[in-house]
Amino acid sequence: MDKQIPTILIVDDDESMRDTLDAILKKDFNVLKVSDGRSAIDTIKKKDVDIVLLDIRLPDINGMDILQQIKENNEDVDVIMITAVKEIDTAVHAIKMGAYDYITKEFDYDDVIARINRLIESQNKKRELLYFKSEMERYIDVGFIIGNSKKMRDVYNFVQKAARVPATILIRGETGTGKELLARVIRQESGLVNEPFVTVNLTAIPQELVESILFGHERGAFTGAIKQHFGKFELANGGFIFLDEIGDLKYDLQAKLLRVLQEGEIERVGGSKKIKVDVRIIAATNVDIEKKMKDGQFREDLYYRLNVIPIVLPPLRERLEDLPMLIDFFLKKYNKRFKKNLTRISEEALDMLMNYHWPGNIRELENLIERLVVMGEGEEILKEDIPLEFHLSILDRKVPSISQSSILDVALESFERNYILKTLEKVKWKRKAAAEVLGIPISTLKYKLDRLNLYDVIRIKESA
Ligand SMILES: Nc1ncnc2c1ncn2[C@@H]1O[C@H](COP(=O)(O)OP(=O)(O)OP(=O)(O)O)[C@@H](O)[C@H]1O
Ligand SMILES: [Mg+2]
């Protein structure tokens, strides 16, 4: 059964009515037929029904009671009542109770088709809206900088090909290397731009809710499940689901996910029917999955299912030649946002950033540039604008051969220099005020400024 074709359930005890409707509808829809209320409810539980054509008069359960049950338990099923002309009042009442529409037993073929098509359109809109609501804030343009490094050009060339293949993609890379952004690029490149892109961060959800969030749940499936809920997989139907931090998925859920990947069907928590989903999966992780497999924490079979198309994003320290381009991109972004005009970076400052090891990768770079733009007054980023931790971290790396005590001296000096600079900045470069804040005599401060070569900086700042 193709999920793109809606399924209609005809519930009528009159056989000729069932056959007539079936004959009109089966060309465009999956049609199911039952003759009484109990089988209707049973079918809705077991099959992925979109629309019910429901006779008001049935031998066992009243059509109105069935309607009520459907409305309480099946958010995604709509009902069109079938009524005799003399029962129009009841039909109107049914609509008040949540039926979408009604047709009379003396219906006109084209009219029935038109009403059903209108309903399907409205269901699609509802789904879209639901998806939009959860993902709205993520609807920002993908601003992905590739850079000139060979590593990133290789990634991009590969992605362009991979995006067109409907196979599962696993993106690996350290934190902040752009895994999530790349997933959005993949959607863009796939041509499925108007289809959903649903993100699930598996570490951000309490473990006990992961299953219901991924696969949905039926009303009453667990304490607190007061309403039926669509899972992310259903919301992503026709598009992409991005499973972030997949390496942290709990072991028993790994088996469930594997089954979904193998069968292309999900089952809501507390439900008994299988629902076909057509979803492309992009998973990402920054943990060492191979190690997790060795330790028995990650299923090997799931790993191979996910890793059909592997993509590895290099850490920033391995593509430092892209740094200028990235800095330029973030400068533009934040100048615009904060209405500033910080457009350049001095050679010394860039040099310092080129020597940094970037544990937080591009995220860390972006945060730094944002901070510099917010604080910045002039047009150029200078070495002394770069925060203390960058200076210290570079010292660590640059002086591995000198003795411990002299490393400490250099570190202390760098700390002192930066601390004094920050204090001076706070008091608008007034030396007297800085000495007071620091709790030292002005003569001591002057001595330190001289020893630490800070007078040049102050002169520049004062003249700015
Ligand atoms: N190539 C890029 N061009 C522009 N911005 C980027 C790029 N890569 C990452 N960023 C920015 O860096 C930040 C982190 O990116 P993202 O969230 O995609 O990283 P991640 O690899 O998913 O990290 P984590 O493992 O911590 O979740 C985001 O603000 C993103 O906009
Ligand atoms: Mg991420």
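Criteria and thresholds
Residues numbered from 1 in each chain as written. Chains lettered and ligands numbered in written order. Predicted model: local features only at pLDDT ≥ 70, side-chain atom pairs only at ≥ 80, totals over all residues. Helix = DSSP H or I, 4+ residues; strand = E, 2+ residues; numbered from the N terminus. Buried ≥ 20, exposed ≤ 12 C-beta atoms within 10 Å, placed from the backbone. Contact = placed C-beta atoms within 7 Å. Pairing = 2+ DSSP bridges. Axes fitted to C-alpha atoms, helices over the stretch in contact; angles between N-to-C directions. Expected span 1.5 Å × (residues − 1). Arc of directions from axis to C-beta. Near = placed C-beta within 6 Å. Nonpolar A, V, L, I, M, F, W, Y, C, P; charged D, E, K, R; others polar. Domains from an automatic or database assignment. Core = buried A, V, L, I, M, F, W, Y, C linked by C-beta atoms within 7 Å.

(A) Expanded view of the overall build of the protein chain. When helices and strands are counted, the protein chain shows 20 helices and 14 strands. The C-alpha extent of the protein chain, read off along each of the three principal axes, is 105 × 50 × 40 Å. Residues counted as buried form 30% of the 464 residues belonging to the protein chain. Within the protein chain, contacts between residues separated by at least 24 positions form 70% of all contacts whose residues are at least 6 apart in sequence.

(B) Spatial organisation of the sheet that holds strand E12 (residues 309-312). Judged by pairing direction, the sheet is parallel, and its five strands sit side by side in the order E7-E8-E11-E6-E12 without closing on themselves. Two strands close off the open sheet at either side, each with one partner strand: strand E7 (197-201) and E12. For this sheet, the mean inter-axis angle between neighbouring strands, taken without regard to orientation, is 20°. In this structure, strand E6 (residues 169-172) lies alongside strand E11 (residues 280-285), joined through four bridges in parallel fashion. Opposite Ile171, over in E11, you have Ala284 as the bridge partner. Contacts from helix H6 (residues 150-162) reach E6 and E12, with the element oriented near 155° to E12.

(C) Seen up close, the sheet that holds strand E2 (residues 30-34). Read across the open sheet, the five strands follow the order E2-E1-E3-E4-E5; overall the sheet is parallel. For this open sheet the edge positions go to E2 and strand E5 (101-104), each flanked by a neighbour on one side alone. On average, adjacent strands in this sheet sit at an angle of 20° to one another, irrespective of strand direction. Bridge count between strand E3 (residues 51-55) and strand E4 (residues 78-83): five bridges; the pairing is parallel. Counted as the bridge partner of Ile51 is Asp78 from E4. In this fold helix H4 (residues 88-96) packs onto E4 and E5, with an angle of close to 170° to the strand it touches most, E4.

(D) Here's a closer look at helix H15 (residues 361-375). Taking 1.5 Å as the rise per residue, H15 with 15 residues should run 21 Å; its terminal C-alpha atoms sit 21 Å apart, in good agreement. The complete set of buried residues in H15 reads Asn361, Ile362, Leu365, Leu368, Ile369, Leu372 and Val373. The buried residues of H15 all sit within an arc of 130° when viewed along its axis, so they share a single face.

(E) Structural detail: the site of ligand 1. Taken together, 15 residues sit near ligand 1, with Ile145, Thr175, Gly178, Lys179 and Glu180 positioned nearest. Taken together, the elements giving at least two residues each to the shell around ligand 1 come down to helix H7 (179-190) and H15. Class assignment of the residues belonging to the shell around ligand 1 gives a composition of four nonpolar, seven polar and four charged. Here the shell around ligand 1 gathers at least three residues from each of two domains, domain 2 (140-314) and domain 3 (317-386).

(F) Molecular detail of the pairing of strand E1 (residues 7-11). Here E1 lies mainly inside the structure; five of its five residues are buried. On E1, burial covers both faces: Thr7, Leu9 and Val11 on one face and Ile8 and Ile10 on the other are all buried. Both E1 and E2 contribute to a ladder of five bridges, which runs parallel. Note on E2: the bridge partner recorded for Ile8 is Val31.

(G) Geometry of the environment of Thr83. Along the chain, Thr83 turns up in strand E4. In sequence terms Thr83 and Tyr102 are 19 residues apart; their C-alpha atoms lie 7.1 Å from each other.

(H) The arrangement of unusual backbone geometry in detail. Its identity as a non-glycine residue notwithstanding, Trp358 has a phi of 45°, on the positive side. With respect to the helices, strands and loops of the structure, Trp358 is situated in the loop between helix H14 (347-354) and H15. With 22 C-beta atoms counted inside 10 Å, the residue Trp358 sits in the buried group. Phi angles above zero are rare outside glycine, and Lys428 is one such case at about 55°. Position of Lys428 among the secondary structure elements: in the loop between helix H17 (404-426) and helix H18 (431-438).

(I) Spatial organisation of the nonpolar core. Core analysis: the biggest nonpolar cluster contains 39 residues, and Ile171, Phe233, Ile241, Phe242, Leu243, Ile282 and Ala283 have the highest contact counts within it. Sequence-distant contacts of Phe233, that is, excluding residues within four places in its chain, are made with Leu214, Phe215, Ile241, Val260, Ile266, Val277 and Val279. If you look at the next biggest cluster of nonpolar residues, it comprises 28 residues, including Ala40, Ile44, Ile66 and Val79.

(J) Just the pairing of E3, in detail. Burial within E3 is extensive, with five of its five residues counted as buried. Burial of E3 is two-sided: the residues Ile51, Leu53 and Asp55 facing one way and the residues Val52 and Leu54 facing the other way are all buried. With four bridges connecting them, E1 and E3 associate as parallel partners. Across the sheet, Ile8 pairs through a bridge with Ile51, a residue of E3.

(K) Main features of the environment of Ile10. Summarising the element assignment, Ile10 is placed in strand E1. When the C-alpha atoms of Ile10 and Val185 are compared, they prove to be 43 Å apart, with 175 residues separating the residues in sequence. Ignoring any residue separated from it by four or fewer positions in sequence, one finds Ile10 in contact with Arg18, Leu21, Asp22, Val31, Lys33 and Leu53.

(L) Structural detail: the environment of Val457. Mapping Val457 onto the fold places it in helix H20 (residues 455-463). By C-beta crowding, Val457 is classed as buried, having 20 other C-beta atoms within 10 Å. Each C-alpha atom of the pair Val457 and Val198 lies 50 Å from the other, and the pair is 259 residues apart in sequence. Setting aside residues up to four positions removed in sequence, Val457 forms contacts with Glu384 and Leu421.

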